Amino acid sequence: MTKIKMCGLTRTCDIAAANELKIAYIGFVFAPKSKRYVSPEQAEELKKLLSPDIRAVGVFVNEKPEVIADLLEKGVIDLAQLHGEEDEETIARLRQLTIRPIIRAFKIQSAEDAAKAGACSADAVLLDSGAGTGVTFNWELIRTFSRPYFLAGGLSPDNVGEAVRKLHPYAVDVSSGIETDGKKDQSKMAAFAAAVRKEEKT
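Since this is a predicted model, take the numbers as computed values, not measurements. Sequence order sets the numbering: in each chain, residues are counted from 1 along the sequence as written. Thresholds applied to this predicted model are a pLDDT of at least 70 for local features of residues and 80 or more for the giving and counting of side-chain atom pairs; totals over whole chains, interfaces and linings are not thresholded and use all residues. In computing side-chain properties, one takes all heavy atoms of the structure into account and sets aside hydrogens as well as water.

What follows concerns helix H1 (residues 12-21). Think of it in three bands: residues with accessible area under 20% of the maximum for their type are buried, residues over 50% are exposed, and the middle band is partly exposed, with areas taken using a 1.4 Å probe on protein chains only. Strands here are runs of E lasting at least two residues and helices are runs of H or I lasting at least four, both read from the DSSP assignment and numbered beginning at the N terminus. Within H1, the full set of buried residues consists of Asp-14, Ile-15, Ala-17, Ala-18 and Leu-21. All buried residues of H1 fall inside an arc of 160° around its axis, so they share one side. When the buried face of H1 is taken as reference, the exposed residues oriented beyond 90 degrees from it are Thr-12 and Glu-20. The arc in question is the one spanned by the directions pointing from the helix axis to the C-beta atoms.

Most of strand S1 (residues 3-7) is tucked away: four of the five residues are buried. DSSP bridges decide pairing: two strands pair if at least two such bridges lie between them. Relative to strand S8 (residues 171-174), S1 runs parallel, the two sharing four bridges. Paired with Met-6 across the two strands is Val-174, which belongs to S8. Pairing analysis gives three bridges linking S1 to strand S2 (residues 25-29), with the strands arranged parallel. Bridge pairing in S2 places Met-6 opposite Ile-26. Handedness is read with the strands pointing away from the viewer; a crossover is right-handed when the path from the first strand over the helix to the second is clockwise. Crossover handedness for the path S1 to H1 to S2: right-handed.

A pair of aromatic rings is counted whenever rings of Phe, Tyr or Trp (Trp by its six-membered ring) have centres within 6.5 Å, and the orientation is called stacked for planes under 30 degrees apart, edge-to-face for over 60 and tilted otherwise. For the coordinates displayed, the defined rule picks out five aromatic pairs. Centroid distance Phe-145 to Tyr-149: 5.5 Å. Interplanar angle 90°. Geometry classified as edge-to-face. A relative accessible area of 16% places Phe-145 in the buried class. Exposure remark for Tyr-149: the relative accessible area of 4% places this residue in the buried category. Of the aromatic side chains, those joined through ring pairs into one cluster are Tyr-25, Phe-150 and Tyr-170.

Shown next, in the form of structure tokens:
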């Protein structure tokens, strides 16, 4: 069954909606330039409200491994998602500091990009169209992708069913597609989860 990750949660009502929908993952964005940025202190308070069955992912862009590992070891987040220019050396350094899982995000624009993602040493990979662009990429590029992955980039309640049906990803990741005026919309969150689960039943 395809798992659901809703990223960029910033408010207590976002957490409450995620708990109610019983999704698998939520994401806290720790990139200061992002409009969905939360501080480690905010994330820690929100994590306390999160169902223990839901895993919190911290999204980082070129952050120091020591900072990432500290949040993982403190339990503020359960997984780290690297969304910048991090290389294999960064992943290796993180492995020295923590045993928590690492997700590496890749911008997929070519078959070569998909091949790089396939060879990455991270525990999981996230395939995206870019850094929060809100548009899909050419899914044909990953039609034969051989490892489990998080699918991101332009997903919404309107197209996620098609994505699950065609690609059967390990998980689907959404942010702007469940927002209204830059804030998470509980009705769109519910519609997104319903669309994924409807495909799983067919």
